[in-house]
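Fold and contact review
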Amino acid sequence: MKASKLLELIRKDLESYPIDYLRNKVTDPRYRDPLTKKLAKYNTEVYDEIYSTDIIDDFEIKDGVIKNIRSDIGFYFDRYAGGDDETKRFTENISLYLALIAKKPLHPFSEDKHDDVHYSDGNYFCKARLTAIHDERSLCRYCVCKNMGFSGMFY
């Protein structure tokens, strides 16, 4: 499938998602966990990026990779999230966009090497990837992040 076609399908599938709910998590005092707020902020920024992106140099994405990502997210939601279809579809679409079109990390990142996921010298690095990639059906195998390696544990 062409990347432009996948982007079109992602946009169509996200049209009915209540994005304002997610946007409000960023400033809502009921959500105290900084990770929840950081993830909500990142995902709303990605949502906006999906609608502002134009693919100039279209490219092919293997249907099998799309199917595998959807299946692995389904596995995760069936195991840990118990039937929340709306969040599952949102996660699928955001993940497909990040991994296959934008080629950005699936998690929020910064330029601070102390953060778990960071951008440095033209590459994304993840501290957890070294171990998390071995989890059953881990999405890490689709993520653009590189392993931090042993030295990254000391930042």
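Up top is the structure.
Read on for a plain summary of the structure. On a predicted model such as this, the values are computed, not experimentally measured, just so you know.

Here's the deal with the state of the cysteines
- Scanning all chains against the criterion turns up zero disulfides.
- Among the cysteines around cysteine 126, which has no disulfide bond, cysteine 145 carries the closest sulfur, lying 5.2 Å off.
- No disulfide involves cysteine 143; its sulfur sits 3.7 Å from that of cysteine 145, the nearest cysteine.

Regarding the nonpolar core
- Counting residues in each nonpolar core, the largest one holds 33 residues, and the members touching the most others are Leu6, Ile10, Ile50, Phe90, Tyr97, Leu100 and Ile101.
- Secondary-structure elements contributing two or more residues to this core are helix 1 (3-14), helix 2 (19-25), helix 3 (34-52), helix 4 (63-81), helix 5 (85-102) and strand 2 (123-126).
- Ranked by residues supplied to this core, first place goes to helix 5 with eight residues.
- Filtering out sequence-adjacent residues up to four positions away, leucine 100 remains in contact with Leu6, Phe59, Ile61, Val65, Ile66, Ile69 and Ser95.

A short note on unusual backbone geometry
- In the Ramachandran plot, lysine 103 falls in the positive-phi region, its phi being about 55° despite a non-glycine side chain.
- Secondary-structure assignment places lysine 103 in the loop between helix 5 and strand 1 (117-120).
- Judged by relative accessible area, which is 42%, lysine 103 ranks as partly exposed.
- Within the chain, aspartate 121 stands out as a residue other than glycine whose phi angle is a positive 50°.
- Counting through the fold element by element, aspartate 121 comes out in the loop between strand 1 and strand 2.

Description of the environment of aspartate 112
- By the secondary structure assignment, aspartate 112 is in the loop between helix 5 and strand 1.
- Given a relative accessible area of 36%, aspartate 112 falls into the partly exposed group.
- Distance in space between the C-alpha atoms of aspartate 112 and valine 144 is 18 Å, their sequence separation being 32 residues.
- A polar side-chain atom of aspartate 112 sits 2.8 Å from the main-chain amide nitrogen of histidine 114.

Overview of the sheet that holds strand 1
- What the three strands build is an open sheet, ordered 1-2-3; its pairing is mixed. Strand pairing shows two members of the sheet lacking a second neighbour, strand 1 and strand 3 (146-147), which therefore form its edges.
- For strand 2 and strand 3, the ladder comprises two bridges, and the chain directions are parallel. Its bridge partner being in strand 3, cysteine 126 is matched across the sheet by asparagine 147.

Some thoughts on the pattern of salt bridges
- Per the stated rule, a full pass over the model turns up 13 salt bridges.
- Put simply, arginine 23 and aspartate 20 hold a salt bridge, and the shortest N to O gap is 3.7 Å. Of the two residues, arginine 23 and aspartate 20 are both situated in helix 2; the distance of three residues between them amounts to about one turn of the helix.
- Several salt bridges converge on common partners, so that one network encompasses Asp20, Arg23 and Asp48.

Here is what the cut-offs are and how they apply
- Residues numbered from 1 in each chain as written.
- Predicted model: local features only at pLDDT ≥ 70, side-chain atom pairs only at ≥ 80, totals over all residues.
- Heavy atoms only, no water.
- Disulfide = S-S within 2.5 Å.
- Core = buried A, V, L, I, M, F, W, Y, C linked by side-chain atoms within 4.5 Å.
- Buried < 20%, exposed > 50% of the residue type's maximum accessible area, 1.4 Å probe, protein only.
- Helix = DSSP H or I, 4+ residues; strand = E, 2+ residues; numbered from the N terminus.
- Contact = heavy atoms within 4.5 Å.
- Polar contact = N/O pair within 3.5 Å; in protein donor to acceptor, adjacent residues only side chain to side chain.
- Pairing = 2+ DSSP bridges.
- Salt bridge = Lys/Arg side-chain N within 4 Å of Asp/Glu carboxyl O.

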